[in-house]
Amino acid sequence: MLNRTLVPESKQVNDINFIAPKKQELSNGIKVFTINAGKQELVRIEFVFQNVNWDQSKPLQAIGVSHLINNGTTTLTAREIADKVDYYGAFLQTEYGADQSSIKLYTLNKHLGSVFPILWSILNESIFPQQELDIFKQNQQQSLKVSLQKNDFLARKNFAHSIFGDSPYGSNIEVEDYQQMQQADLVNYFAAAYKPENCTLFVAGKFEDAEFDILNNIFGKEWHNKANSTPNAFSFSTSAKGDLLIERPDAIQSAIRMGMLGINRTHEDFAGFQVLNCLLGGYFGSRLMANIREDKGYTYGIGSAVVSMKDAGYFFIATEVGADVCSNALAEIEKEIDLLKSELVSPEELDLVRNYMLGSMLGSLENAFSHADKFKNIYFSGLDYNYYDNYIQTVKTVTAEQLKALANKYLNTSEFIKVVVGKK
């Protein structure tokens, strides 16, 4: 019988294999990266567009287009688009990010020839009907008004704006910005951003020459938008720091978000900093969770993260704690950071973190879709698969001394931006 008093034997993950994509081009020059894997006749095709023409006075252009692009074309209504896609058992998903926007199509291979013309109409003939825009504006304004009553939302919003200012990274959207949205602005942005020269395709699933030919016949030969655009590019100063308290006297909980502008995945220290972050607050067994949740009982959850974007990176710690223990929680957070800067992590704790990070990486590569996502991350950072080789090697070999040095280099709490919403 199984002896449950014994800890199960564990061992470190040795090899993690990535599926590299096949690189092709459509007739009009669009780059296509294909992860051809899996046995089921299913494919995901993602059209990714770089965000362009940033205009601080019109911060919702890219967001509005991403949300409304499948809500009506010159030949199809929003209802007809939804019905046709549903008829073929397909699924359309739009995503907006600070650097890129995308449209993902999930479909069975046998329906590619039927579903692609619908997507072609969306990418070429979208008109953003005024009625759909009015509904979107009304819904988003109401949603934002509700969110602005939530402490954690306000903390996240003000933290991002403190670091990144009035840029797409700053997240400083107000209700008035939705009121000022105009149909003409969406049409103009759509023409500037959603064009072949600004598009990269990532395909995952069972996708071979026959499927590529169908793709090329529709999107490589009949898509020739040439509107002008300027790619977004930003630079940020590390000078922003300080404390921001948004008082809410009746708050039961206070939201805390603190951190700083940092490095992204192109930096040589990024992999080591990810290990350091995992130790501090990057998983359920982290030091912040052990202290603030398990030992002190100040919160249900606390975590930290390192975020990489095209033009910047940042580090943050986030939690919600009882309003009466907010000051204590802040002190304990700083104490855990100081310990990382002054003491060496034990071999046992470091091995646990190594195993967790390597296991998470291995577990995240469960299918062709996830392999495509991993490639997309390095592609838009201008990197290759050496990045993952370096990441895995760093996780396996980084020393306690190196982590202590990284903590002293990057975790300077006197330079953090600290936002508290509630009571301090």
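Presented here is a report on the structure given in the accompanying data block. Here, residues in each chain are numbered from 1, in the same order as that chain's written sequence. Residues qualify for local features only when their pLDDT is at least 70, as the model is predicted, and side-chain atom pairs are given and counted only at 80 or more; totals for whole chains, interfaces and linings, by contrast, use all residues. Heavy atoms from the whole structure form the basis of all side-chain values; hydrogens and water molecules are not counted.

Side note on the side chain of Lys418
Move 1: By the criteria applied, helices consist of DSSP H or I runs no shorter than four residues and strands consist of E runs no shorter than two, each listed in order from the N terminus. Among the secondary structure elements, Lys418 is positioned in strand E11 (residues 417-422).
Move 2: What makes Lys418 buried here is its relative accessible area of 17%.
Move 3: In terms of polar contacts, Lys418 uses its side chain to reach the side chain of Glu334, at 2.8 Å.
Move 4: The criterion used for residue contact is that any of the two residues' heavy atoms lie within 4.5 Å. Once residues lying within four places of it in the same chain are set aside, the contact partners of Lys418 are Gly242, Asp243, Leu244, Arg257, Met258, Glu334 and Thr413. Burial classification: accessible surface area is computed with a 1.4 Å probe over protein chains only, and a residue below 20% of its type maximum counts as buried, one above 50% as exposed, and the rest as partly exposed. Each polar contact in these results corresponds to two N or O atoms within 3.5 Å; when the atoms are within protein, one needs to be able to donate a hydrogen and the other to accept it, and residues that are neighboring in sequence are counted only if both atoms are side-chain atoms.

As for the packing of aromatic side chains
To describe a pair of aromatic rings, you give the distance between the ring centres and the angle between the ring planes.
Move 1: Under the pairing criterion, centres of Phe, Tyr and Trp rings, with the six-membered ring standing for Trp, must be within 6.5 Å; the plane angle then separates stacked pairs below 30 degrees from edge-to-face pairs above 60, leaving the rest tilted. By the definition in use, this model includes 37 aromatic pairs.
Move 2: Summarising the aromatic geometry, the rings of Phe49 and Trp223 are spaced 6.3 Å apart at their centres and angled 65 degrees between planes, so their arrangement reads as edge-to-face. You can see Phe49 sitting in strand E3 (residues 42-50) and its partner Trp223 sitting in the loop between helix H8 (209-220) and strand E7 (242-247), a full 174 residues away along the chain.
Move 3: We classify Phe49 as buried; its relative accessible area is 1%.

Structural notes on helix H7 (residues 183-193)
Move 1: The set of residues buried in H7 consists of Asp185, Leu186, Tyr189, Phe190, Ala192 and Ala193. Buried residues of H7, viewed axially, fall in a sector of 165 degrees; they line one side.
Move 2: Among the structural elements, E3, helix H1 (61-68), helix H3 (112-125) and helix H4 (130-147) are those in contact with the buried residues of H7. This arc corresponds to the set of directions leading from the helix axis out to the C-beta atoms.

Some points on the nonpolar core
If you look at soluble globular proteins, the nonpolar side chains tend to sit buried side by side.
Move 1: With 70 residues, the main nonpolar core has Phe47, Leu123, Tyr194 and Phe219 as its most contacted residues.
Move 2: Sort the elements by how many residues they give to this core and H3 lands first, with seven residues.
Move 3: With residues near it in sequence (within four places) discarded, Leu123 still touches Phe47, Phe49, Ile69, Ile103, Phe190, Tyr194, Phe219 and Trp223.
Move 4: For the purposes of this section, nonpolar cores are sets of buried Ala, Val, Leu, Ile, Met, Phe, Trp, Tyr and Cys residues that join through side-chain atoms within 4.5 Å. Val13, Val325, Ile337 and Tyr387 belong to the second-largest nonpolar core, a separate cluster that totals 60 residues.

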